[in-house]
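Residue strings, one per chain:
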Amino acid sequence: MKKVTELTAELAAPVVAAQGCELWDVEYVKEAGTWYLRLYIDKEGGVSIDDCEAISRRVSDLLDEADPIEGSYTFEVSSAGAERPLKRPSDFERFMGSPITVRLYKTKDGRKEFSGTLAGYENGAVLLDTDGQTLRFEKAEIALVRLRVEF
């Protein structure tokens, strides 16, 4: 049996593409006692509220037909955001050389968060250029990698 996120991604992908967008991520999480099914989308030039609304209406109908989730949940469609998480190898390839923040599960050198430039990605390990040195973080120690907006 497919996970809710996988099934939702399969249903949503053609709708998202037809709207001229890219499906960035799908999450199904429980927050404060309520389940949320979220689609994160991206588009060259940015996602508009009209994009989110159009995709939400169409995918909501498909979810009603497929009925993959028992019980109630809140369905949301939003932009992946400027400081989006990087998860898949293709995400890291696409944003090589971009500013990122790496958050760790446990402290390393007295810190849990490191910022710099994405310098490499090797089998889940992230290479980060920061202050003239390259740091390597193994997949098992990484809690989150996200893009970082610099002003």
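Only a predicted model underlies this, so the values are computations on that prediction, with no experimental measurement involved. Residue indices begin from 1 for each chain and proceed along its sequence in written order. Local features in a predicted model are, by the rule used here, given only for residues with pLDDT of at least 70; side-chain atom pairs are given and counted only at 80 or more, and totals for whole chains, interfaces and linings are based on all residues. Neither water nor hydrogens contribute to the side-chain values; these are computed over all heavy atoms in the structure.

1. Things to note about the overall build of the protein
- Starting at the N terminus, helices and strands are each numbered in turn, a helix being any DSSP run of H or I of at least four residues and a strand any DSSP run of E of at least two. In terms of helices and strands, the protein carries three helices and eight strands.
- In sequence order, the protein lays out its α and β elements as α-β-β-α-β-α-β-β-β-β-β.
- With respect to the three principal axes, the spread of C-alpha positions in the protein is 55 × 35 × 25 Å.
- Accessibility here uses a 1.4 Å probe with only protein chains present; expressed as a share of the type maximum, an area under 20% marks a residue as buried, one over 50% as exposed, and anything in between as partly exposed. Taking all 151 residues of the protein together, 34% fall into the buried category.
- Surface accessibility in these figures is a Shrake-Rupley result with a 1.4 Å probe; residues are shielded only by whichever protein chains are displayed. Element-wise, carbon and sulfur atoms account for 48% of the exposed surface of the protein, whose accessible area totals about 9,100 Å².
- Charged residues are defined here as Lys and Arg on the positive side and Asp and Glu on the negative side; His and the ends of the chain fall outside this count. Throughout, a charge is located at the NZ atom of Lys, the CZ atom of Arg, the CG atom of Asp or the CD atom of Glu. Between the mean site of the 20 positive side-chain charges and the mean site of the 28 negative ones, the protein shows a separation of 5 Å.

2. Re the side chain of T130
- Examined against the element boundaries, T130 turns out to sit in strand β6 (residues 125–130).
- Judged by its relative accessible area of 14%, T130 falls in the buried class.

3. Quick word on the sheet that holds strand β3 (residues 74–79)
- One open sheet accounts for three strands, arranged β1-β2-β3; its pairing is mixed. A strand with exactly one partner marks an edge of an open sheet, and here the two such strands are β1 (22–31) and β3. Each strand of the sheet is rotated relative to its neighbour by a mean of 20°, with strand direction disregarded.
- Throughout, a contact is declared for two residues whenever any of their heavy atoms are within 4.5 Å. As a rule, the C-alpha atoms of each element are fitted with a line to give its axis, helices using only the stretch in contact, and angles between N-to-C directions run from 0 to 180 degrees. Along the sheet face, helix α1 (residues 4–18) touches β1 and β2 (34–42) and points at about 145° away from the line of β1.
- Along the sheet, helix α2 (residues 49–66) contacts β2 and β3; its crossing angle with β3, the most-contacted strand, is approximately 145°. Any two strands with at least two DSSP-identified bridges between them are counted as paired.

4. A word on the packing of aromatic side chains
- Two aromatic rings, drawn from Phe, Tyr or Trp (for Trp, its six-membered ring), form a pair once their centres lie within 6.5 Å of each other, and the interplanar angle then sorts them: stacked below 30 degrees, edge-to-face above 60, tilted otherwise. This model, assessed by the stated rule, comprises four aromatic pairs.
- Relative to Y121, the ring of F92 lies with its centre 4.1 Å away and its plane at 10°, an arrangement referred to as stacked. In this pair, F92 is assigned in helix α3 (residues 89–94) and Y121 in strand β5 (residues 111–122), connecting sequence segments 29 residues apart.
- Classification of Y121 by relative accessible area gives partly exposed; the value is 24%.
- We call a charge positioned above a ring when the Lys NZ or Arg CZ atom is no farther than 6 Å from the ring centre and deviates by at most 35 degrees from the ring normal. Across the ring face of W24, the terminal group of R84 is positioned such that the distance to the ring centre comes to 4.7 Å.
- Its end group placed over the ring of W24, R88 keeps NZ or CZ at 5.2 Å from the ring centre.

5. Digging into the sheet that holds β5
- Taken in spatial order, the five strands of this open sheet run β7-β6-β5-β4-β8, and their pairing is antiparallel. Here the strands that pair on one side only, and so sit at the sheet edges, are β7 (133–137) and β8 (142–147). Each strand axis lies, on average, 40° off the axis of its neighbour in the sheet, ignoring direction.
- Looking at chain direction, strand β4 (residues 99–108) and β5 are connected through six bridges and run antiparallel. If you follow I100 over to β5, its bridge partner there is G116.

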